[in-house]
Amino acid sequence: MNQPPTSTTDSDGARQALLALRSEIAKAVVGQDAVISGLVIALLCRGHVLLEGVPGVAKTLLVRTLASALALDFKRVQFTPDLMPGDVTGSLVYDARTAEFEFRAGPVFTNLLLADEINRTPPKTQAALLEAMEERQVTVDGEPRALPDPFIVAATQNPIEYEGTYQLPEAQLDRFLLKLNVPLPPRDQEIAILSRHARGFDPRDLSGVRPVAGPAELAAGREAVRRVLVADEVMGYIVDVAGATRASPSLQLGVSPRGATALLATSRTWAWLSGRNYVAPDDVKAMARPTLRHRIALRPEAELEGATPDGVLDGILSAVPVPR
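Here is a short report on the structure shown in this document. None of the values given here were measured: they were computed from a predicted structure. (Residues numbered from 1 in each chain as written. Predicted model: local features only at pLDDT ≥ 70, side-chain atom pairs only at ≥ 80, totals over all residues. Heavy atoms only, no water.)

1. Comments concerning the pattern of salt bridges
(1) Moving on: Going through the model one piece at a time under the given rule, you end up with 21 salt bridges.
(2) Moving on: Across the salt bridge formed by Asp116 and Arg76, the nearest N and O atoms sit 3.0 Å from each other. Note that Asp116 is positioned in strand 5 (residues 112-116) and Arg76 in strand 2 (residues 74-78), a separation of 40 residues in sequence.
(3) Moving on: Residue classification places Asp116 among the buried positions, given a relative accessible area of 7%. (Salt bridge = Lys/Arg side-chain N within 4 Å of Asp/Glu carboxyl O. Helix = DSSP H or I, 4+ residues; strand = E, 2+ residues; numbered from the N terminus. Buried < 20%, exposed > 50% of the residue type's maximum accessible area, 1.4 Å probe, protein only.)

2. What to know about helix 11 (residues 257-273)
Think of an α-helix as 3.6 residues a turn; residues three or four steps apart then line up on the same face.
(1) Moving on: Along its 17 residues, helix 11 runs 25 Å from first to last C-alpha, staying within 8% of the 24 Å computed at 1.5 Å per residue.
(2) Moving on: Among all positions of helix 11, only Gly259, Ala260, Ala262, Leu263, Thr266, Ser267, Thr269, Ala271, Trp272 and Leu273 are buried.
(3) Moving on: Following helix 11 by one or two positions, Gly275 has its phi on the positive side, about 90°. (Expected span 1.5 Å × (residues − 1).)

3. A look at the pairing of strand 3 (residues 90-95)
(1) Moving on: With six bridges joining them, strand 3 and strand 4 (residues 100-105) adopt antiparallel strand pairing. Bridged to Tyr94 within strand 4 is Phe101.
(2) Moving on: Hairpin geometry of strand 3 and strand 4 is characterised by an intervening segment of four residues between the two adjacent antiparallel strands and by a positive phi of about 60° at Ala99. (Pairing = 2+ DSSP bridges.)

As structure tokens, this is what we get:
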């Protein structure tokens, strides 16, 4: 049965509200527009995000501010070597008053979970997030418990620190819709950051950030994204890009069909945020790097020659014929 069409007014209103996030988040975070757009795309796609950047580039502040601007429940977990799965998902606790075990929910029961330095905790605890990320539920003592909607994980990791870390396995990396690189700010933006702090800005006080959108706008946006048209030629282009990664001599692991599906979803969402109801090849190109960079693996010899995942993807995008 066909769903009733989404009102154009509702769709436009949701788009404008979500685009207004940039100016609202700018009250606390200078720059990082691309990362903000990526987080919004993840929310619309019901996907998860891996944020990679050196310490001090406002990864945590950015996610906290996004939650405030969307009126979403937010929780943060600092991942450490001694963190147990139950510390994330929750566990059964014995209640002496009732002589029964009751479930005490963990921080994963939220809308926006910040998994800070996710690569600092052992694989057992990392794996505890897999069911939550994929199935959007937590099973304790054989009983599944649904997570709130919306629910996304924004995980952070430091790209230059390896001591005391546990590399994320490919199976878990593939659960992240996007991998977003959080860069150091250019000189003018860093001056603006210092000026704010000189005027007394407190990154722990987000009282000046007001909600400009919420779950209703996200739901309307998701419904509108589902109706964005994708021509057969564009679908073929996505498949050809994914296939080219599997045939690349620089890569030992190419993009799986799940990765191609993810690229389709992010391209549709980017097209809708750009004000169109159809996907163009340029939308696929715009979303290819953040959607695919963590789903490919370089060959050791390519790494020694200085190749990077983004560089390989750029070469593939320039080589694969674009549909007209």
